[in-house]
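Structural characterization, general
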Amino acid sequence: MTRPAMRHAAAVLVAGAVLAGCAGGGSLNLGAARMPQVGETRDAVLARWGTPRGLYDVPDGGRRLIYTNEPVANRTDVFDFDANDRLVRTEQTRTRERFEAAGKEGWHRAEVQRTFGLPAGRDQVERAEPARWAYRFLDNQYLRVAVLHFGTAGAVVRTEILDDTDRSDGRYR
């Protein structure tokens, strides 16, 4: 292989690695925003990630920030801070296990909201009796929808995991 051909091949490999890195993880459409590290301040996270979709109090005087990767909305990134505004925990909460736990343990609406955020389509499905909240998520690279059914007391009484047929064209993988 000639020297120019080797340089071209190396450039293609580097470009591929950069693109693969851009396609991974992250929340929102923030491009260069990296996942916060334990110990970072809340102000530093807010400066890099912007306004969260949800902000909640947590035990021991801390705060929880919730971000979703709109408009795709197939993940929720949760950042928990202690009373000194230092990051103590990060989690991507939209998983099959978490949705199933909400149904088995009868989570109340407030707990669902603190864990997954408000669903984008809540107004459309909440009119149904009893209310239902739907969340998109990736389940082993398959697009799914978790539908949480609430009883009259506001607790989850059933969870359905369905294929996301509305987005089956692969644009959101």
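Each remark here, short or long, concerns the structure printed above.
Residues numbered from 1 in each chain as written. Predicted model: local features only at pLDDT ≥ 70, side-chain atom pairs only at ≥ 80, totals over all residues. Heavy atoms only, no water.

1. Quick notes on the pairing of strand β2 (residues 62–68)
The side chains of a regular strand alternate between the sheet's two faces. Along β2, 6 of the 7 residues are buried, which leaves the element largely enclosed by surrounding structure. Pairing between strand β1 (residues 54–58) and β2: 5 bridges, direction antiparallel. Directly across from G54, in β2, lies its bridge partner I66. Hairpin geometry of β1 and β2 is characterised by an intervening segment of 3 residues between the two adjacent antiparallel strands and by a positive phi of about 70° at D60. With 6 bridges joining them, β2 and strand β3 (residues 76–81) adopt antiparallel strand pairing. Among the inter-strand pairings, T68 is bridged to a residue of β3, identified as T76. (Buried < 20%, exposed > 50% of the residue type's maximum accessible area, 1.4 Å probe, protein only. Helix = DSSP H or I, 4+ residues; strand = E, 2+ residues; numbered from the N terminus. Pairing = 2+ DSSP bridges.)

2. What to know about the side chain of R75
Relative to the assigned elements, R75 resides in the loop between β2 and β3. The class for R75 is buried, based on a relative accessible area of 18%. In terms of polar contacts, R75 uses its side chain to reach the side chain of D77, at 2.7 Å. (Polar contact = N/O pair within 3.5 Å; in protein donor to acceptor, adjacent residues only side chain to side chain.)

3. Considering the sheet that holds β2
One open sheet holds the 4 strands; their spatial order is β1-β2-β3-β4, and the pairing between them is antiparallel. Since the sheet does not close on itself, it has two edges, and those belong to β1 and β4 (87–92), each with one partner. Each neighbouring strand pair of the sheet contributes to a mean axis angle of 20°, computed without reference to strand direction. Here 5 bridges tie β3 to β4, and the two strands are oriented antiparallel to one another. Bridge pairing in β4 places D80 opposite R89. Packing of helix α2 (residues 42–49) onto the sheet brings it into contact with β1, β2 and β3, and relative to β2 it is tilted by some 15°. (Axes fitted to C-alpha atoms, helices over the stretch in contact; angles between N-to-C directions. Contact = heavy atoms within 4.5 Å.)

Keep in mind that these numbers describe shape and distance, not what the molecule does.
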